[in-house]
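Breakdown of the fold
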Amino acid sequence: MYAAYDGLSDAIKQQIEGRTAVHGTEFFRRELRLRGLPEELFDEARKRFPLAEHPVVRTHPETGRRGLYVNRAFTEHIVGMERAESDALLEHLYIQAKAPEYQCRFRWRQNSIAFWDNRACQHYAVSDYWPQVRRVERVTVVGDKPY
């Protein structure tokens, strides 16, 4: 997400400078509602996983580099902006983040292991492995507070 940030116009960089965004699970809630899950499950999940605010641009604590820190699955809106303006700006940032020139494609082979730093990248599991089964063991390091 360093390169995605670096590739933004100066005008967009100024527009997102110092901004924070609300991150939550509404994207997943909508998907699960469509599958008919009861609303009580969502209420309990909201208590366990409350909304959080994170900077739109995060400075990596080790490299000092700035990178985009928004994503379609968790970022709900930018604080202090009208909803339509926030939605349009976030859509611009999401499109920026998914540009092929800012991506790394990993081709899995038997016994492959992949590591990435969630502070500086986004990941997406492409469903191109059928009929094989995708088995994942996730390890998460307790990290630092975004700034």
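These numbers come from a predicted model, not from an experiment.

About the thresholds
- Residues numbered from 1 in each chain as written.
- Predicted model: local features only at pLDDT ≥ 70, side-chain atom pairs only at ≥ 80, totals over all residues.
- Heavy atoms only, no water.
- Phe/Tyr/Trp six-rings, centres within 6.5 Å; stacked < 30°, edge-to-face > 60°.
- Buried < 20%, exposed > 50% of the residue type's maximum accessible area, 1.4 Å probe, protein only.
- Lys NZ or Arg CZ within 6 Å of the ring centre and 35° of its normal.
- Helix = DSSP H or I, 4+ residues; strand = E, 2+ residues; numbered from the N terminus.
- Expected span 1.5 Å × (residues − 1).
- Arc of directions from axis to C-beta.
- Contact = heavy atoms within 4.5 Å.
- Pairing = 2+ DSSP bridges.
- Axes fitted to C-alpha atoms, helices over the stretch in contact; angles between N-to-C directions.
- Patch = residues over 30% accessible without salt bridge, like charges linked within 9 Å, V, L, I, M, F, W, Y side chains within 5 Å.
- Areas by Shrake-Rupley, 256 points an atom, 1.4 Å probe, with all protein chains shown as cover.
- Salt bridge = Lys/Arg side-chain N within 4 Å of Asp/Glu carboxyl O.
- Parallel < 35°, antiparallel > 145°, perpendicular 65-115°, else oblique.
- Left-handed = near helix turned anticlockwise from the far one by under 90°.
- Nonpolar A, V, L, I, M, F, W, Y, C, P; charged D, E, K, R; others polar.

We now examine the packing of aromatic side chains. Counted under the stated rule, the structure contains one aromatic pair. Taken together, a centroid distance of 4.6 Å and an interplanar angle of 75 degrees make the contact between Phe 106 and Trp 108 edge-to-face. Here Phe 106 falls in the partly exposed class, since its relative accessible area comes to 42%. Against the face of Tyr 5 rests Lys 13, its NZ or CZ located 5.0 Å from the ring centre. Residue placement shows Arg 58 over the ring face of Tyr 69; its charged tip is 5.2 Å from the ring centre.

Bringing helix H5 (residues 83–97) into the picture now. In an α-helix, one turn spans 3.6 residues; hence positions three or four apart end up facing the same way. Taking 1.5 Å per residue as the helical rise, H5 with its 15 residues ought to reach 21 Å, and the 21 Å between its terminal C-alpha atoms agrees with that figure. Along H5, the residues classified as buried are Ser 86, Leu 89, Leu 90, Leu 93, Tyr 94, Gln 96 and Ala 97. For H5, the buried positions fall inside an angular range of 155 degrees around the axis, keeping them on one side. For H5, the exposed residues lying more than 90 degrees away from the buried face are Ala 84 and Ala 88. Here the buried face of H5 lies against helix H1 (2–6), helix H2 (10–16), strand S4 (66–68) and strand S5 (75–78).

Here we take up the sheet that holds strand S2 (residues 52–55). On the basis of which strands lie adjacent, the open sheet formed by three strands has the order S2-S1-S5 and antiparallel pairing. Edge positions in the sheet fall to S2 and S5, since each of these pairs with one other strand and no more. With direction set aside, neighbouring strand axes in the sheet form an average angle of 35 degrees. Both strand S1 (residues 20–23) and S2 contribute to a ladder of four bridges, which runs antiparallel. Looking across to S2, one finds that Thr 20 is bridged to Pro 55.

Together, Phe 27, Phe 28 and Phe 74 make up an exposed nonpolar region whose accessible area comes to about 250 Å². Within the secondary structure layout, Phe 27 lies in helix H3 (residues 26–34). Phe 27 gets classed as partly exposed once you look at its relative accessible area, which sits at 31%.

Before going further, it helps to spend a moment on the packing of H3 against helix H4 (residues 39–48). Following both chains from N to C, one finds H3 and H4 inclined at 165 degrees, their axes separated by 10 Å at the closest point. The angle between H3 and H4 falls in the class roughly antiparallel. Here H3 and H4 pass one another in a crossing that is right-handed. On the side of H3, the interface is formed by Glu 26, Arg 29, Leu 32 and Arg 33, while H4 contributes Glu 39, Phe 42, Asp 43 and Arg 46. Here the residues of the contact of H3 with H4 are counted per class, giving two nonpolar, no polar and six charged.

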